[in-house]
Each structure stands twice: as C-alpha cells, then as structure tokens.
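Examination of the molecular architecture
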Amino acid sequence: MILYRLRCAKGHEFDSWFKDSKTYERQEKKSLIGCAVCGTAKVERALMAPRIGKKGKVAALPAAVEAPAEAAAPSAEQQQQMAALARHMPKELREALLKVRAEVEKNCEHVGDKFADEARKIHYGESDKRGIYGETSDEEAEALAEEGIEFGRLPWIPRGN
C-alpha cells in the first residue's frame, strides 16, 4: 500500500491510499479519484514528506494524531457528488472506505462542528487525549495546520452505495 497526498483543481488537499503507484496512475487516468472535499475528479499528486520507519519497527503516528477528521460538513450537492463518485469507484475501495468510516465511528467520539475547538483543546492539553472526528471548514482546517495540530481528512462515503 502507498499513501499519496493529493490536490484537486480547486486547491483542496487530502490523503489517499492505493495498492501501488500503478493503481493510482490507472485510477487517475480514468478520473476515478475524486476530491474528498468537493468531489471534483481533477486530482493530482501533491508534494509530501516521506514517512520512514525505524528498521524492524512499525512507524508510530505522532501523538497529536488521535483520529482523522471528516471533511467539512457536506452540502446536499456535495453528498450527491460523493455518492456518484462512490458508485464509480472500484468495489474494493468503496468497501475499504466504508470500513474506515465504521472504525472511526466505533472508536472515536463525534464532536460535530466543534472539531477544530476540540482538536485544539486536546493538542494544548486542555482536554483528555482521545480519538475524535467531526466537521470543520477549510479555513478552520488550514488554521489547525498552521498551529501545528496534526489531523487527517477522510472521504466520508455515504452508506448504502
């Protein structure tokens, strides 16, 4: 598996996993990869730092990464775009994303639109460390990143697709 940092034509950045680089290239060529924020299929790889683990040990996530954050609260139009995208993605990828969603919902606390506030409280030690997920705007996400608060964004695949 390989993790790529991707950027859409509108400038949204998000991470996505692929079996290998050829799988990414095939999916990108067929416009099967959609932006996790706006759903556009015009996506390209963005620069990212390599992740190198110690020999014989699995690289641990930084302590500040407690759980991935859901993309900004989607509008009805964005939900329709994501549903359409989900219908066209490979079955295995759709199932994997649904499993990720289920694990996040099972193991993390949903904080709704208070995600940015709660992530800050956890980061600065004002709240207990725990896995959280929720919604945040692009502006709030950018502010969190500028403060050095690590989080992730996931494509939130609608159930039943």
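The preceding data block contains the structure.
A short tour of the structure in this document, coming up. Source: prediction; values computed, not measured.

Brief notes about helix α4 (residues 115-123)
- For α4, every residue scored as buried is listed here: F115, A116, E118, A119 and I122. The arc that holds every buried residue of α4, seen down its axis, measures 165 degrees, which confines them to one face.
- Once α4 finishes, G125 follows within two positions and takes phi at roughly 75 degrees, a positive value.

Topic: the pattern of salt bridges
- Within this structure, the stated rule accounts for 11 salt bridges.
- Salt-bridge contacts for E13 lead to R5; the nearest nitrogen and oxygen are separated by 3.2 Å.
- On the basis of relative accessible area, E13 is assigned to the partly exposed category, the value being 28%.
- Taking the shortest distance from any N to any O, the salt bridge between D113 and K114 comes out at 4.0 Å.
- Each of the salt bridges in this network shares a partner with another, and the network as a whole consists of R5, R7, E13 and D15.

Parameters at a glance
For every chain, the first residue of the written sequence is number 1, and numbering continues from 1 along that sequence. Residues qualify for local features only when their pLDDT is at least 70, as the model is predicted, and side-chain atom pairs are given and counted only at 80 or more; totals for whole chains, interfaces and linings, by contrast, use all residues. Hydrogens are left out, water is left out, and the side-chain values use all remaining heavy atoms of the structure. Buried residues are those whose accessible area, probed at 1.4 Å on protein chains only, stays under 20% of the maximum for their type, while exposed residues exceed 50% and partly exposed ones sit between those limits. Here a strand is any run of E in DSSP of at least two residues, a helix any run of H or I of at least four, and the numbering for each starts at the N terminus. Throughout, the arc means the angular range of directions from the helix axis out to the C-beta atoms. Just to be clear on terms, a salt bridge is a Lys or Arg side-chain nitrogen sitting within 4 Å of an Asp or Glu carboxyl oxygen.

This is a description of form; function is not addressed.
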